[in-house]
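Coordinates in review
Each chain, letter by letter, is given below.
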Amino acid sequence: MKSPNDFFGSAPEVHTWAPGRVNLLGEHTDYNDGYMLPIATPQRTDVMADRSGDGRFHIYSSTLDETVEFDADEPAPPGFARYMEGCIRLLQQRGVQIPPLKMYVRSNLALGSGLSSSAALEVATLRALRTMLKAELDGVTLAQIAQQAEIQYAGVNCGIMDQMASSLADTQHMLFLDARTLDARLLPLPAGAEIIVIDSGVPRKLAASKYNERRAECEAAAGMLGVQALRDVARLADVEKLPSPIRERARHVVSENLRVLEAADGGSAVSAERFGELMNESHASLRDDYQVSIPELDELTEVLRKQPGVFGARLTGAGFGGACVALCKAGSAAGTGEMVVNRFNAAGGQARLLIPAPQQ
Ligand code: NG1
């Protein structure tokens, strides 16, 4: 593995970073113009950059120990560099002059663990370009460009949550986010609480195809109800006239938005006990109505809920594998998280504690 010094030969001109994110509440709401409450992870992606001087881009990932090179007018090959090239091209389309660069990427966000390593890579790349080229970009615009890099260059038809969280959230606050207006407010975590995040170790195989299927079902539901997006359905009873399974999908989205609005409670989060109940309700809704859970996530969240000091637990992210999140009494997350992981793995599981990060 190359160090930044091996790669650049001297200190690079810029060094920026961006965190991953965990969504505490508000799942599958972003592409329905709805509400959500993500928080930033302590794990992060760093990007260092310097001018290359030879007309080519050279991008090194220390995680993959791989260098990718491409000409200034040539697309990057598929893989991690595509996300970064997307950021470069989108800024060029906005009129920013970008010289060929050398970029070094380092991350402790495990790929595919559900902590949005791709959003962190995009946001950290855009921050490096912004600093180096003195481009005028606020945090919201930066998140929008990052989302477009993911959609247009990595081919993932995602909502805006991950990039907004990586750009605007921190590890001590939840970001109350409105995906339609892009209003974003930092709220404190419920008093006396902290979070546990566990990767189930189950890869998200069906996630891409099912994600697109759910998006189409939500669009169909909005069309049948005559609204622009499911965010515009304020009363849960309105979805009951829809045919199944569109009805259940819409019921999840409408009830999930109501849960986030209650949890954010006009600017000061509800109690940890109530927040935990809302997380449990969210999981049941994702399992039964949205049908994106899997037995391993049901089991992990069930074991978490049974632990003393745990207020609630749910799957986080798109589902079909990936991670779960729990809210627990401050000071108990590391012990409870390790215990639940050990118990799950003793029965043949492959879970990993992500937060609190084991090395902390
Ligand atoms: P994950 O599965 O954590 O990458 C995905 C979407 C989000 C959001 C959630 C569901 C991508 C890159 N991100 O998150 O925008 O829709 O599912 O709430 O697809």
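Everything numeric here is computed off the predicted structure, so don't read it as measured data.

Criteria and cut-off values
- Residues numbered from 1 in each chain as written.
- Predicted model: local features only at pLDDT ≥ 70, side-chain atom pairs only at ≥ 80, totals over all residues.
- Heavy atoms only, no water.
- Helix = DSSP H or I, 4+ residues; strand = E, 2+ residues; numbered from the N terminus.
- Rg over C-alpha atoms; globule rule 2.2 N^0.38 Å.
- Buried < 20%, exposed > 50% of the residue type's maximum accessible area, 1.4 Å probe, protein only.
- Contact = heavy atoms within 4.5 Å.
- Areas by Shrake-Rupley, 256 points an atom, 1.4 Å probe, with all protein chains shown as cover.
- Polar contact = N/O pair within 3.5 Å; in protein donor to acceptor, adjacent residues only side chain to side chain.
- Core = buried A, V, L, I, M, F, W, Y, C linked by side-chain atoms within 4.5 Å.
- Domains from an automatic or database assignment.
- Buried area = accessible area lost by both parts, 1.4 Å probe.
- Salt bridge = Lys/Arg side-chain N within 4 Å of Asp/Glu carboxyl O.
- Near = heavy atom within 4 Å.
- Expected span 1.5 Å × (residues − 1).

1. Side note on the overall build of the protein
In terms of helices and strands, the protein carries 10 helices and 12 strands. A compact globule built from 360 residues should have a C-alpha radius of gyration of about 21 Å, and the protein, at 21 Å, falls within 12% of that. Its C-alpha atoms give the protein principal-axis dimensions of about 60 × 50 × 35 Å. Buried residues in the protein amount to 57% of all 360 residues. Across the protein, contacts joining residues at least 24 apart in sequence account for 70% of those joining residues at least 6 apart. Accessible area for the protein stands at about 14500 Å²; split by element, carbon and sulfur atoms hold 49% of it.

2. Focus on the environment of N32
Checked against the element boundaries, N32 lands in the loop between β1 (14-23) and β2 (35-36). Linking N32 and L189, residues 157 residues apart in sequence, is a C-alpha distance of 25 Å. Ignoring anything within four residues of it in the chain, the contact list for N32 reads C218, A229, L230, R231, V253 and Y290. Within the structure, N32 has its side chain in polar contact with the backbone oxygen of H28 (distance 2.9 Å).

3. Describing the nonpolar core
Ranked by internal contacts, the top residues of the largest apolar core, which has 38 residues, are I196, I198, L230, L242, Y290 and L304. Secondary structure elements with two or more residues in this core: β9 (193-199), α6 (207-225), α7 (246-264), α9 (295-306), β10 (310-316), β11 (323-329) and α10 (333-346). With five residues, the top contributor of residues to this core is α6. With residues up to four places along the chain from it excluded, the contact list for L242 reads A221, M224, L225, R247 and A250. The next biggest cluster of nonpolar side chains, apart from the first, holds 35 residues, and it includes A49, L90, V105 and V123.

4. Here's the deal with the domain arrangement of the protein
Entries for the protein in the domain assignment read domain 1 (4-185) and domain 2 (190-355). A straight line from the C-alpha centre of domain 1 to that of domain 2 covers 25 Å. Across the boundary between the two partners, domain 1 contributes 33 residues, which contact 44 residues of domain 2. Summed over both sides, the interface between domain 1 and domain 2 buries roughly 3000 Å², with carbon and sulfur atoms accounting for 61% of that surface. Of all residues in domain 1, L25, E27 and H28 bury the most surface against domain 2, accounting for 22% of the area lost on that side. Inspection of the domain 1/domain 2 interface yields three salt bridges. Of the charged contacts in the structure, one is a salt bridge between R180 and D232, with a shortest N-O distance of 2.7 Å.

5. Thoughts on the side chain of T41
You can see T41 is positioned in strand β3 (residues 38-51). Relative accessible area serves as the criterion here: at 2%, T41 is assigned to the buried category. Discounting residues that sit within four places of it in the chain, T41 has contacts with P19, G20, R21, V22, L109, L115, T171 and I355.

6. Some thoughts on the site of the ligand
The immediate surroundings of the ligand are formed by 15 residues, with R21, E27, D30, R204 and Y211 found nearest. A distance of 3.3 Å separates an oxygen atom of the ligand from a polar atom in the backbone of G159. Taken by itself the ligand offers 440 Å² of open surface, and the protein chains cover 92% of this. Summarising the domain contributions, the shell around the ligand has at least three residues from each of domain 1 (4-185) and domain 2 (190-355).

7. Some points on the side chain of R231
Tracing the backbone through its elements, the reader meets R231 in the loop between α6 and α7. Taking relative accessible area as the criterion, R231 reaches 17% and is therefore assigned buried. Only 2.8 Å separates the side chain of R231 from the side chain of D178, close enough to count as a polar contact. Beyond its immediate sequence surroundings of up to four residues, R231 is in contact with N32, D33, G34, Y35, D178, R180, T181 and N257.

8. Describing α10
The first and last C-alpha atoms of α10 sit 20 Å apart over 14 residues, in line with the 20 Å expected at 1.5 Å per residue. Considering only its buried residues, α10 is in contact with β9, α9, β10, β11 and β12 (352-355). Immediately downstream of α10, the backbone of G348 shows phi near 100°, a positive value.

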